Amino acid sequence: MTDRLFTETLRAAVGDDLLSARLSSDVIFTDLGTDAVRSLLTFDDLDEILRTRELEPPRVRLHKRGKPVPTARYTEAGEASGTARSVIRPEDFYRQLREGASLVMDGIDRLHPPVRAATDDLMRLVRERAQANLYLIWGDSHGFDTHWDDHDTFVVQLAGDKSWQVHGHGSRAYPMKVDTDHTHTPPEDVVWEGVLRPGQVLHVPRGWWHTVRGTGGVSMHLTFGFTRATGIDWARALLERLQDVEFMRRDLPRFAASDERAKHHDELLRRLADAAEEFDVDAFLDARDARFPRRRSFSLAWAVEGNVPGPDTRVEFVPLLTPPVERDGADVVVTVSGRRYRLPSVAEPVLAELARERELTAGELAERSETPMPITAEVLRALVRHQLVLLR
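Residues numbered from 1 in each chain as written. Predicted model: local features only at pLDDT ≥ 70, side-chain atom pairs only at ≥ 80, totals over all residues. Heavy atoms only, no water.

- In the nomenclature of an unreviewed UniProt entry, the protein chain corresponds to Cupin from the organism Nocardiopsis gilva YIM 90087.
- In the Cofactor (unreviewed entry) part of its UniProt record, the protein chain is described as follows: "Fe(2+)". (UniProt positions renumbered as here; feature names shortened; annotations may be inferred.)

Regarding the nonpolar core
Then, number 1: Judged by nonpolar contacts, the single largest core of 49 residues is most densely connected at I108, F154 and F224.
Then, number 2: Residue contributions to this core peak at 6 residues, all from helix α6 (residues 113-126).
Then, number 3: Not counting residues within four places of it along the chain, the set of residues in contact with F224 comprises F6, V115, A118, T119, L122, Q131, A132, D152, T153, F154 and V156. (Core = buried A, V, L, I, M, F, W, Y, C linked by side-chain atoms within 4.5 Å. Buried < 20%, exposed > 50% of the residue type's maximum accessible area, 1.4 Å probe, protein only. Helix = DSSP H or I, 4+ residues; strand = E, 2+ residues; numbered from the N terminus. Contact = heavy atoms within 4.5 Å.)

Some points on the pairing of strand β8 (residues 152-169)
For a regular strand, the rule is simple: side chains alternate between the two faces of the sheet.
Then, number 1: Across the 18 residues of β8, 13 count as buried, placing the element largely inside the fold.
Then, number 2: Inspection of the sheet shows β8 paired to strand β11 (residues 208-226) by 15 bridges, in the antiparallel sense. Counterpart to H169 in the pairing with β11 is W208.
Then, number 3: Two elements, β8 and strand β10 (residues 200-204), share 4 bridges in a ladder whose sense is antiparallel. Bridging across to β10, F154 finds its partner in H203.
Then, number 4: Relative to strand β9 (residues 192-196), β8 runs antiparallel, the two being bridged by 5 bridges. Considered in β9, the bridge of K162 is made with L196. (Pairing = 2+ DSSP bridges.)

As for the domain arrangement of the protein chain
Then, number 1: Domains assigned within the protein chain are domain 1 (6-226), domain 2 (231-290) and domain 3 (300-391).
Then, number 2: Computed from C-alpha atoms alone, the centre-to-centre distance between domain 1 and domain 3 is 35 Å. (Domains from an automatic or database assignment.)

With respect to the packing of helix α1 (residues 5-14) against α6
Packed helices, taken two at a time, are described by their axes: the angle between them and the distance between them.
Then, number 1: Between α1 and α6, the shortest axis-to-axis distance is 7 Å and the interhelical angle comes to 70°. It follows from the interaxial angle that α1 and α6 lie roughly perpendicular. On α6, the residues that touch L5, F6, T7 and R11 of α1 are A118, D121, L122, R124 and L125.
Then, number 2: Across the contact of α1 with α6, the residue classes break down as 5 nonpolar, 1 polar and 3 charged. (Axes fitted to C-alpha atoms, helices over the stretch in contact; angles between N-to-C directions. Parallel < 35°, antiparallel > 145°, perpendicular 65-115°, else oblique. Nonpolar A, V, L, I, M, F, W, Y, C, P; charged D, E, K, R; others polar.)

Let's talk about a negative patch on the surface
Then, number 1: A surface patch of like charges, here negative, comprises E277, D280, D282 and D286.
Then, number 2: Structurally, the position occupied by D282 is in helix α10 (residues 281-290).
Then, number 3: Residue D282 is classed as exposed on the basis of its relative accessible area of 54%. (Patch = residues over 30% accessible without salt bridge, like charges linked within 9 Å, V, L, I, M, F, W, Y side chains within 5 Å. Areas by Shrake-Rupley, 256 points an atom, 1.4 Å probe, with all protein chains shown as cover. Salt bridge = Lys/Arg side-chain N within 4 Å of Asp/Glu carboxyl O. Lys, Arg positive; Asp, Glu negative; His and termini not counted. Charge placed at Lys NZ, Arg CZ, Asp CG, Glu CD.)

Rendered as structure tokens:
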């Protein structure tokens, strides 16, 4: 199932050291089998997306031999609700693809539910934000030259095959999107080389150079990308916390005697060290998790009308990560996307079961959480108003 593609299927195939030793540190290749990825996206699904969604560059675009194809070659001026936009001309779009252009569609997880479910599952695995992009090509051309990405990727081959060479770190290890040096060069060696076929998965760490080419036929794959927290992110978060320290907000003693400036410097270091000791890496990651975004999702009728869920009502948990729950007297407080929600303590076992199963019926939820159905229904009515569950 796509909603467990990474946390169960991939993890079982790769092994227990996936997160502890190999993620972001090594090329990972595994074959999940075509059955595991067949439901993610088909050509019929892609045709439907292009037919029903008003997509335009750069959301959907073409690349060829390392350069973007000028949009004028496959789009024309159009209008939607009085707003000018670019409209894809199918005949020219087809021709560009026949001539070796590569189709790129960004954020397809926001357009197609099975890809969204897999992306959400990846976020639960790595505890970072993720996005899925589509890449489609016919022939033996390439859309991009040898390059590196500023994020980690899992490449999932859906149809056809594609040739990959992974070269590893270049002259600057762990490069970032916002960095002081973008002049680094790729290494000469190849650390992994092969042809991806349907059902196979390749993990390429951030900053590792790679070369990708078609093999003569069709190739369609999804790239799931995510950016992990770094020491730079921790330092930025620490800087924000220092704004609450009065001494750190004081002017620097530019015109004081040298010994006074030295004393001020020593005090700055002490305050900085105290703050860093209090806000360690674990505290930073916990705070990051507590602010983790949730998907935009709606249950209009349930949230507005306040109907009572029945045993057969489908319940889906909205938070992508298991949220922290704290006891506060007779209540529990759950933190999701940086907001705190206060609920009666009877909600705690219901929340725990929702976080574990993620999707089930209200009747199953009541049974597994050992909460009477009327109480479960009232908890769900509160949760749907706060966009913590979807009801169907």
